[in-house]
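Reading the structure
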Amino acid sequence: MQEKYNFSGIEKKWQKIWEDEKAFKTEVDESKEKYYVLEMFPYPSGKLHMGHVRNYSIGDVIARFKAMNGFNVLHPMGWDSFGLPAENAAIKNDIHPDIWTTENIAEMKRQLNLLGLSYDWDRELATCKEDYYKWMQWIFIQFYKKGLAYKKENPVNWCPSCKTVLANEQVVDGCCERCETEVEKKNLSQWYFKITDYADRLLDNLDELDGWPHKVKVMQQNWIGKSKGAEVEFRIEDFYKRLKVFTTRPDTLFGVTYMVLSPEHPYVKLLTKGTECEEKVNEYISKISHLTDIERSSTTKEKTGVFIGAYAINPVNDKKVPIYISDYVMMDYGTGAIMAVPAHDERDFEFAKKFDLDIIPVVDSKDPEIDVNDLKEAFVAEGDMINSGKYDGMNNRDAIAEITKELIEKEIGKETTNYKLRDWLISRQRYWGTPIPMIYCRKCGWVPEEEKNLPVVLPTDVEFKGKGESPLKTSKTFAKAICPICGLESTREMDTMDTFLDSSWYFLRYCDPKNQDEIFSTEKVNYWMNVDQYIGGVEHAILHLMYARFFEMVLYDLGLVKYEEPFKNLLTQGMVNKDGRKMSKSLGNVVSPEEILSKFGADTARMFILFAAPPEKELDWSDQGVEGSYRFLNRVYRLVCEYVNEIRNEDKLKEEIIVNSADDKELNYALNATVKKVTEDAGGRFQFNTAISSIMELVNELYRYKELDSINMPLFDKAISDLVIVLSPFVPHICEELWENLGHENRLFNVSWPTYDEKALVRDTIEIVVQINGKVKEKMVIENNSNKEVMEKTALENDKIKSLIEDKNVIKIIAVPNKLVNIVVK
RNA sequence: GCCGGAAUGGCGGAAUUGGCAGACGCACAGGACUUAAAAUCCUGCGGUCUUUAUCGAUCGUGCCGGUUCGAUUCCGGCUUCCGGCACCA
């Protein structure tokens, strides 16, 4: 066996063998339990970064571990290949997005393969290929038929740099999540998906996702933003329509002192037209329309607003209150109008102070420090009702229910639930995406393309100018279509789909990626789904993960899949940082994976990344840490090499393993403890750092044992073999090489995971601790599983303990078997 | 502002059920091998005090308090940092 650890030769050799042997190909096999492990597929930017390396290393350990434990593992990889960068490259470099993307995929696949990942490449898919987006369009049509896709004109988020509209979820702090340009509002007619229909299910199902990080579930909860309350109708003086408001605090109805409409509220024009207030109202509306969303929604901004000259009548006490407009009321939440209770709402309080409006407390504070008749700030806590007629004295929690009941009886209100979640705007005014398969017929309106005509293919005769219109409009052929209903010459939809649609179901297509006749075979999807372990960055906690859940629910309702939730377990890996900061070009602290791979090899890179931190935590890149991992692999290599070349004696290997000497027992203990630890940490908890540390301990023990005068050959051989096996999911190349040199002809990923012997983990004698008043004073070696009496007796007979307690009163003795004796003295 | 999460040596981190805090690794220091270096191997490595050294004493898991024989772990109250949401009525 070659003495030097030649990682480069070894890695090339095994990558070739795996590829030639199609080592990781999977098929449905009903006789075996399946395991679907999935890493979020990448956008083919062309360059692999450390985040990818981490993501895929984690997935690969799990995939290899599960395969060795007898599971039929599905571990696919593909490309989220529609999207803006390709199109921007087209505009800039005059290269077709398809070519740019295809080249990038090839380059990235080459880099991925350098990592030795156990993918079934026969299942590779790319969302920009016709055979994928054909089914994307098919799904769109199913959504449309189910009434879940609709077109409407609305003020939408427009990114002036990306020149397209964005979904709510893609706007971060008022800016485009991709390019950080400030987002503008535009009134456009756009396609939406009715994700709001699924708000409750998206929320309720979260409870059952035990295998998801708490954090992600909370983020989705916040995003859905469910709040229960009541809708209340107010009469408006001298006006034929009633004003509806939403409130979560019907208990404060008696404290309403004014009303506020959003400036965009349709009543504003009706109520002010021709009145003396019209001018200043219009002035205000025009002023705030120049504000950006960020300016308008800043909580630090002073409240502004204007009285519109109209009054509303409070239905519970017939009080007349003035109506204002203000930009702190949003048109797209609730009814676009609020009842203002300054005594019990911070925003209303601020507004009332500024405009010198009445503040009437209706909930009394239990805290004597707070005088509700002289408030310095809004009182939002619980308390008993005051100034509220027959409800006075009632706890305000109860009053919520009682007053709501009264509203319903009088038919001036009802219970309502509101959500922050908005419908998903899915149209994009870009070329490099799935064409929306809809046709506009001037007689029949919007009609879906016939399914037999799918896919609606992206035309190639387009120009990329980067104007604010879909490049599809420059195609001479694309627009023309025949109405599937009446045959009239019609026009196609020119927008494409948000790429988040493509990634909302790719995990299903992996189950049956080559199917020409249907989106996937039910049988195959039922066998593989759902995803047992999904791994990716936490940045997808809301967008991708909620959209994918929504898709799965709709497909479930369509009878296409048997689970409502696609991802059983989710692992959100932490970021890879350098010097405590995010790796970024501008900071100049980017570590290139390829450089590390050529210097140390894939196994070292994987080892470091898995060992340096638990997967969900941030990981700080450390060059010295990488060298440490490299050192460790060299140490393992030398150990096996020395064994194979110098120590191994084939004749002795045939003997049965008999563990006899104390040293043998030590080694056997270390071996079994390590197998147990790695099995639990790598297979269950996904704490690869501790799994690896326990393997390091075994290596240390093997080095110690190797130097002994007599070596128990069969035992040592077993320990070396098991070491190589349990290490292989982490660093597969070096282990295959070692395995081969140990004389095996099979491949490690086909080898069964070793079992451990609980008996070997039971030592003859163990060390226990003797405490006095909880402080460790002495350590004693006693027989394993000694009973409490023996433990106490041994402790009390110990000379040191004796001397320490001789002039004290023993009050109590606590003995915990195999752990400690605690003597309480006074 | 609201909602989550975290805080342990010089550093990354471990302690899975309330039971020896600091596994494993990095860095550092000393030694062995070597003409020398690299590599490798061995030893030490939380603070303070004490001792020639051993042995030992004592403090120590962000801060304050509680429960307990015993708390990094449970409870209450803070501080700081990270993340999410945010005039959402």
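Our subject is the structure that appears above.
Throughout this description, residue numbers start from 1 for each chain and increase along the sequence as written. Written order decides the labels, with chains lettered from A and ligands numbered from 1. Per-residue local features are limited, in this predicted model, to residues with pLDDT of at least 70; the limit for side-chain atom pairs, both in listing and counting, is 80 or more; totals at the level of whole chains, interfaces and linings are taken over all residues. The side-chain quantities take in all heavy atoms of the structure and omit both hydrogens and water.

1. Thoughts on the pattern of salt bridges
- The salt bridge criterion pairs a side-chain nitrogen of Lys or Arg with a carboxyl oxygen of Asp or Glu, the two atoms within 4 Å. A complete count under the given rule lists 50 salt bridges for this structure.
- Where K410 meets E406, a salt bridge forms, and the shortest distance between an N and an O atom there is 2.8 Å.
- Between R763 and E666 there is a salt bridge whose closest N-O contact spans 2.6 Å. Here R763, found in the loop between α24 (732-741) and β29 (765-772), pairs with E666, found in helix α21 (residues 662-685); they are 97 residues apart in sequence, far enough to count as distant.
- Overall, R763 belongs to the partly exposed group, its relative accessible area being 31%.
- Owing to a relative accessible area of 31%, E666 belongs among the partly exposed residues under this scheme.
- Salt bridges sharing common partners tie together K22, K25, E27 and D122. Only runs of H or I of at least four residues qualify as helices and only runs of E of at least two qualify as strands under DSSP, and these elements are numbered from the N terminus. Exposure categories follow from relative accessible area, calculated using a 1.4 Å probe and restricted to protein chains: below 20% of the type maximum is buried, above 50% is exposed, and the middle band is partly exposed.

2. Some words on the sheet that holds strand β26 (residues 576-578)
- Across the sheet, three strands lie side by side as β27-β26-β28; this open sheet has mixed pairing. Both edges of this open sheet fall to β27 (581-582) and β28 (619-621), since each of them pairs with a single strand only.
- Direction of pairing for β26 relative to β28: parallel, over a ladder of three bridges. If you follow N577 over to β28, its bridge partner there is D620. Pairing between strands is defined by DSSP: at least two bridges between them are needed.

3. Topic: empty space enclosed by the protein
- Each cavity reported here is a set of points on a 1 Å grid over the protein atoms alone in which a 1.4 Å probe fits but cannot get out, each pocket an open set with protein on both sides within 12 Å along at least five of seven lines, and each lining residue one with an atom within 4 Å of a point. Grid points are joined across faces, edges and corners, and a volume is the space filled by probe spheres set on the points. This model, assessed by the stated rule, comprises two cavities of 30 Å³ or more.
- Lining the second largest cavity are R64, M68, S728, P729, P732, E736, L748 and F749.
- Counting residues per element, the ones that place at least two in the lining of the second largest cavity are α2 (50-68) and α24.
- In this classification, Asp, Glu, Lys and Arg are treated as charged, Ala, Val, Leu, Ile, Met, Phe, Trp, Tyr, Cys and Pro as nonpolar, and every other residue, Gly included, as polar. For the lining of the second largest cavity, the residue count by class is five nonpolar, one polar and two charged.

4. Topic: the packing of α21 against helix α22 (residues 688-706)
- Angles shown run from 0 to 180 degrees and are taken between the N-to-C directions of axes, each axis being a line fitted to C-alpha atoms and, for helices, limited to the stretch in contact. At a closest axis distance of 8 Å, the pairing of α21 and α22 adopts a crossing angle of 165 degrees. Our classification of the angle between α21 and α22 gives roughly antiparallel. When the axes of α21 and α22 are compared, the crossing they make is left-handed. Of the residues in α22, those touching α21 at D663, D664, E666, L667, A670, L671, T674, K677, V678, D681, A682 and R685 are F688, T690, A691, S694, I695, L698, E701, L702, R704 and Y705. Each angle is binned into one of four classes, with values under 35 degrees roughly parallel, values over 145 roughly antiparallel, values of 65 to 115 roughly perpendicular, and all other values oblique. By definition, any crossing whose near helix is turned counterclockwise from its far helix by less than a right angle is left-handed, and any crossing with a clockwise turn is right-handed. It only takes one pair of heavy atoms within 4.5 Å for two residues to be counted as in contact.

5. Some remarks on the protein's contact with RNA strand B
- Throughout, near means a residue has at least one heavy atom within 4 Å of the molecule or strand. Of all residues adjacent to RNA strand B, which total 56 residues, the nearest are K303, R347, A612, K677 and N822.
- Sugar plus phosphate, as a fraction of atoms of RNA strand B within 4 Å of the protein: 66%.
- Polar contacts, as used here, are pairs of N or O atoms within 3.5 Å; protein pairs need one atom able to donate a hydrogen and one able to accept it. Residues neighboring in sequence count only if both atoms are side-chain atoms. In the model, a phosphate oxygen of RNA strand B is placed 3.3 Å from a nitrogen or oxygen of the N689 side chain.
- Among the elements that make up the surface near RNA strand B, the one with the highest residue count is α22 (six residues).

6. Remarks on the packing of α21 against helix α23 (residues 713-727)
- Remark: α21 packs on α23, axes separated minimally by 11 Å, with the N-to-C direction vectors making an angle of 20 degrees. Here α21 lies roughly parallel to α23, going by the angle between them. In this structure, the crossing between α21 and α23 has a hand that is left-handed. Facing α21, whose interface residues are D664, L667, N668, L671, V675 and V678, α23 presents L715, F716, K718, A719, D722 and V726.
- Residues belonging to the contact of α21 with α23 are distributed by class as follows: eight nonpolar, one polar and three charged.

7. A look at the environment of L114
- The topology assignment puts L114 in the loop between α4 (97-113) and α5 (130-145).
- A residue is classified by how much of its surface remains accessible, and L114, at 28% relative accessible area, is partly exposed.
- Along the primary structure L114 and E564 are separated by 450 residues, whereas in three dimensions their C-alpha atoms are 36 Å apart.

8. A short note on a negative patch on the surface
- Patch membership needs two things, relative accessible area over 30% and no salt bridge, and members are linked within 9 Å if like-charged or within 5 Å if nonpolar (Val, Leu, Ile, Met, Phe, Trp, Tyr). In these tables, accessible area is a Shrake-Rupley quantity obtained with a 1.4 Å probe, and a residue counts as shielded only by the protein chains included in the view. None of His or the chain ends enter the tally, which takes Lys and Arg as positive and Asp and Glu as negative. Taken as the charge centre is NZ of Lys, CZ of Arg, CG of Asp or CD of Glu, depending on the residue. A surface patch of negative charge is lined by D579, E595, E618, D620, D623 and E627.
- Checked against the element boundaries, E595 lands in helix α17 (residues 593-600).
- According to the relative accessible area criterion, E595 is exposed, its value standing at 52%.

9. Some remarks on the pairing of strand β8 (residues 227-236)
- The element β8 is largely enclosed, with a buried count of seven among its 10 residues.
- With six bridges connecting them, β8 and strand β16 (residues 413-418) associate as antiparallel partners. Directly across from E231, in β16, lies its bridge partner K414.
- Where β8 meets strand β9 (residues 242-247), six bridges bridge the pair, whose relative direction is antiparallel. Pairing of E231 across the sheet is with F246, part of β9.
- Hairpin geometry of β8 and β9 is characterised by an intervening segment of five residues between the two adjacent antiparallel strands and by a positive phi of about 55 degrees at D238.

Keep in mind these values describe shape, not function.
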